[in-house]
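Survey of secondary and tertiary structure
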Amino acid sequence: MARPAYVILVMMVSFFLVCHTMTMAKNPRNEQDKEVPWFGETLPPEPFAGFYTKVAQCLWNVNPVCGLQIYAHLFDQSKKLDDNCCNNVVKVGVQCSRDLGWALGLYKKFKPHRALIDKMSIITYQECVARKL
């Protein structure tokens, strides 16, 4: 896997993990920052060639603040996405939303929650589409 795709995936996971651990790093985009919650985590094997590149392309279109809201909503449906974030979710599309959730579910810490993450990534997308109507 190419280094740029790794950096982008680490950025995505950092957005989710920062919210999860309630810890804010000095610079969540710096994979060398020892204060980030994901420092030292092993990147899971790529499920198929090109998957992380595909995820990276999705990630570039997700606002970091929205990433935190999405993560919070995945595990606590009472935490709603604001209108800007919902618009962002609709803009990136259902496949991108699912791919980002799938990438999160590859990590050992989140494997027990894979089914919930996949289900909620679809539900979140559908909720946002309904709000735009």
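Residues numbered from 1 in each chain as written. Predicted model: local features only at pLDDT ≥ 70, side-chain atom pairs only at ≥ 80, totals over all residues. Heavy atoms only, no water.

Before going further, it helps to spend a moment on the overall build of the protein chain. Counting its regular elements, the protein chain contains 6 helices and 0 strands. Written out in order from the N terminus, the α and β elements of the protein chain read α-α-α-α-α-α. Every one of the 133 residues in the protein chain was classed for burial, and the buried ones make up 44%. As displayed, the protein chain offers around 7300 Å² of accessible surface, 56% of which is attributable to carbon and sulfur atoms. (Helix = DSSP H or I, 4+ residues; strand = E, 2+ residues; numbered from the N terminus. Buried < 20%, exposed > 50% of the residue type's maximum accessible area, 1.4 Å probe, protein only. Areas by Shrake-Rupley, 256 points an atom, 1.4 Å probe, with all protein chains shown as cover.)

Right, let's talk about the packing of aromatic side chains for a bit. Taken as a whole and judged by the stated rule, the model has 7 aromatic pairs. With a centroid separation of 6.2 Å and an interplanar angle of 85 degrees, the aromatic rings of Tyr71 and Phe110 are classed as edge-to-face. Pair noted here: Tyr71 is in helix H3 (residues 64-75) and Phe110 is in the loop between helix H5 (94-105) and helix H6 (114-132), with a separation of 39 residues, a long-range link. Exposure remark for Tyr71: the relative accessible area of 4% places this residue in the buried category. On the basis of relative accessibility, which here comes to 2%, the residue Phe110 falls in the buried class. (Phe/Tyr/Trp six-rings, centres within 6.5 Å; stacked < 30°, edge-to-face > 60°.)

To continue, consider H6. Taking 1.5 Å per residue as the helical rise, H6 with its 19 residues ought to reach 27 Å, and the 27 Å between its terminal C-alpha atoms agrees with that figure. Buried within H6 are the following residues: Ile117, Met120, Ser121, Thr124, Tyr125 and Cys128. Along the long axis of H6, the arc covered by the buried residues comes to 140 degrees, so they all point the same way. Of the exposed residues in H6, those oriented more than 90 degrees away from the buried face are Ala115 and Lys119. (Expected span 1.5 Å × (residues − 1). Arc of directions from axis to C-beta.)

The next subject is the pattern of salt bridges. All chains considered together, the criterion is met by 3 salt bridges. Ionic pairing is found between Lys54 and Asp99, a salt bridge with its closest N-O pair at 3.3 Å. Taken as a pair, Lys54 in helix H2 (residues 51-59) and Asp99 in helix H5 lie far apart in primary sequence, 45 residues in all. The exposure class of Asp99 is buried, given its relative accessible area of 4%. For Asp83, the salt bridge identified is with Arg131, shortest N-O distance 2.5 Å. One end of the pair, Asp83, is in helix H4 (residues 83-92); the other, Arg131, is in helix H6, with 48 residues separating them in the sequence. (Salt bridge = Lys/Arg side-chain N within 4 Å of Asp/Glu carboxyl O.)

Next up on the list: the nonpolar core. Ranked by size, the top nonpolar core spans 26 residues in total, and within it Ile70, Leu81 and Val89 carry the most contacts. At the level of secondary structure, the elements contributing two or more residues to this core comprise H2, H3, H4, H5 and H6. Once you skip the residues sitting within four places of it in the chain, Val89 turns out to touch Cys66, Ile70, Leu81, Ser97, Tyr125 and Cys128. (Core = buried A, V, L, I, M, F, W, Y, C linked by side-chain atoms within 4.5 Å. Contact = heavy atoms within 4.5 Å.)

These results come straight from atomic positions and should not be treated as a statement about function.
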